[in-house]
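Architecture at a glance
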Amino acid sequence: MPRLAHQVFFTTKDRSDETINALLDDCQSYLNDHPGLVSFAVGRCEPEYDRPVNMDFDVVLHTVFEDRAAHDAYQTAPRHLEFIERQKPNWAEVRVFDSNLRD
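Described in the following lines is the structure provided in the data block. (Residues numbered from 1 in each chain as written. Predicted model: local features only at pLDDT ≥ 70, side-chain atom pairs only at ≥ 80, totals over all residues. Heavy atoms only, no water.)

**What about the packing of aromatic side chains?**
Enumeration according to the criterion identifies 6 aromatic pairs in this entry. Pairing phenylalanine 9 with phenylalanine 57 gives two aromatic rings, centres 5.0 Å apart and planes at 80°, and the pair type is edge-to-face. With phenylalanine 9 in strand β1 (residues 3–12) and phenylalanine 57 in the loop between β2 (37–44) and β3 (59–65), this pair connects stretches of sequence that are 48 residues apart. Exposure remark for phenylalanine 57: the relative accessible area of 12% places this residue in the buried category. Aromatic pair phenylalanine 10 and phenylalanine 83: ring centres 6.1 Å apart, planes at 75°, arrangement edge-to-face. Here phenylalanine 10 is found in strand β1, whereas its partner phenylalanine 83 is found in helix α3 (residues 78–87), with 73 residues between them in sequence. Both residues of the pair, phenylalanine 10 and phenylalanine 83, belong to the buried class. (Phe/Tyr/Trp six-rings, centres within 6.5 Å; stacked < 30°, edge-to-face > 60°. Helix = DSSP H or I, 4+ residues; strand = E, 2+ residues; numbered from the N terminus. Buried < 20%, exposed > 50% of the residue type's maximum accessible area, 1.4 Å probe, protein only.)

Quick look at the structure:
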């Protein structure tokens, strides 16, 4: 079974450092250490990366799951749902990109 990459690009409503840092902290607290998660990284788009090929976003979450079943379980995990409940009011836009990874 292929690993599943799940990437999420968040744009916040007010784009303030306070809101972005809270989102980064909640990603780290609520979205890391799930069963079947083999890679986790979260970061922000910095002004020096202002290039035409970069999308307009504030925070990006990069996760890789061992397989589709682990990803699907993560989607309904209580910590993931609590993260959404806590942070959703701050989001102007969320873009999700899922893909299978070649070995």
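From this point, things continue past the structure.
**Considerations on the layout of surface pockets**
Within this model, the largest pocket holds a volume of roughly 160 Å³. Cys45, Glu46, Met55, Asp56 and Phe57 are the residues nearest the centre of the largest pocket, which is lined by 13 residues in total. Tallied by class, the residues present in the lining of the largest pocket amount to 5 nonpolar, 1 polar and 7 charged. (1 Å grid on protein atoms, 1.4 Å probe; cavity = no way out; pocket = protein on both sides within 12 Å on 5 of 7 lines; lining within 4 Å. Points joined across faces, edges and corners; volume = space filled by probe spheres on them. Nonpolar A, V, L, I, M, F, W, Y, C, P; charged D, E, K, R; others polar.)

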